[in-house]
Amino acid sequence: MIKLFSNIRQNILNEGKTTKYLKYAIGEIILVVTGILIALSINNYNEELTTDTKIKKSLIALRNDLIQDTFLIQQNLPEVNRQYELNESLRIRIAKKSASVDTIVQIARHEFNPNWNDPIVYNTNAYIRLNDSGLIENLPDSLKILIKNFYNKQLNYKGIQENITEGYKNKVSVYVDT
């Protein structure tokens, strides 16, 4: 193909037809630019397909993480409720006007359990990958905002939970040690 264009160019130059040569040169430039534009379009299309595929996989992983978290919560909820009800019943008994020192001692020695459960560790791997890869920016704004708000709230609640648990551990440790 290159040899063909080279031969055409030589023939035009040998004939001394400068205007015809300029038209040919402009045609060749347009042909090259068109080819480059087509190649760029195909490349952009392929990149968009790749990005779309990565986003779909990330959203599926995110959904799976949330499903696993839901099962984890459902699994731990009965124990959390049981502990809450026990602690609430102890608090009510201690807060009664009729509660004596003997009641408090009985509860402290035989009924109160100073142990605590480890907090639930939620699955955030898919969100972290989605965020770190920058793919989250390709999502529609409404979905992006919902996802970011959910995980920011989760992180905030985790911090609150850790602070409360640490305070509880410190206070109860003093009691248990004595």
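The shown structure was predicted, so the numbers you read here are calculated from the model rather than taken from an experiment.

1. A closer look at helix α4 (residues 125-132)
- Ala126, Tyr127 and Leu130 are the residues of α4 that are buried. Looking straight down α4, one finds that the buried residues subtend no more than 100 degrees of arc, so they occupy a single side. Those residues of α4 that are exposed and aimed more than 90 degrees away from the buried face are Arg129 and Asp132.
- Looking one or two places after α4, you find Gly134, whose phi comes out positive at around 85 degrees.

2. Some remarks on a nonpolar patch on the surface
- Taken together, Ile29, Val32, Val33, Ile36, Leu37 and Leu40 make up a surface patch of nonpolar side chains, about 540 Å² in accessible area.
- Taking relative accessible area as the criterion, Ile29 reaches 54% and is therefore assigned exposed.

3. Thoughts on the packing of aromatic side chains
- Under the criterion given, the structure shown has 2 aromatic pairs.
- Centre to centre, the rings of Tyr127 and Tyr151 are 4.3 Å apart; their planes meet at 10 degrees, and the pair counts as stacked. Taken as a pair, Tyr127 in helix α4 and Tyr151 in helix α5 (residues 141-177) lie far apart in primary sequence, 24 residues in all. For the pair formed by Tyr127 and Tyr151, the shared burial category is buried.
- Between the aromatic rings of Phe150 and Tyr151, the centroid separation amounts to 5.0 Å while the plane-to-plane angle is 85 degrees, which identifies the pairing as edge-to-face.
- Given the relative accessible area of 40%, Phe150 is considered partly exposed.
- Exposure remark for Tyr151: the relative accessible area of 5% places this residue in the buried category.
- Grouped by ring-pair contacts, the aromatic residues Tyr127, Phe150 and Tyr151 constitute a single cluster.

4. Brief notes about the nonpolar core
- Formed by Ile55, Leu62, Ala126, Tyr127, Leu130, Leu135, Ile136, Leu139, Ile147 and Tyr151, the largest nonpolar core amounts to 10 residues.
- Of all the secondary-structure elements, those providing two or more residues to this core are α2 (18-95), α4 and α5.
- In terms of residues, this core owes the most to one element, α4, which gives 3 residues.
- Discounting chain neighbours no more than four positions away, the residues touching Leu62 are Ala126, Tyr127, Leu130, Ile147 and Tyr151.

5. Comments concerning the confidence of the model for the protein
- For the protein, mean pLDDT is 85; residues scoring 70 or higher make up 87% of the total.
- Per-element confidence in the protein ranges from a low mean pLDDT of 69 for helix α1 (residues 2-15) to a high of 94 for α4.

Conventions we followed
Residues numbered from 1 in each chain as written. Predicted model: local features only at pLDDT ≥ 70, side-chain atom pairs only at ≥ 80, totals over all residues. Heavy atoms only, no water. Buried < 20%, exposed > 50% of the residue type's maximum accessible area, 1.4 Å probe, protein only. Helix = DSSP H or I, 4+ residues; strand = E, 2+ residues; numbered from the N terminus. Arc of directions from axis to C-beta. Patch = residues over 30% accessible without salt bridge, like charges linked within 9 Å, V, L, I, M, F, W, Y side chains within 5 Å. Areas by Shrake-Rupley, 256 points an atom, 1.4 Å probe, with all protein chains shown as cover. Salt bridge = Lys/Arg side-chain N within 4 Å of Asp/Glu carboxyl O. Phe/Tyr/Trp six-rings, centres within 6.5 Å; stacked < 30°, edge-to-face > 60°. Core = buried A, V, L, I, M, F, W, Y, C linked by side-chain atoms within 4.5 Å. Contact = heavy atoms within 4.5 Å. pLDDT = per-residue confidence, 0-100.

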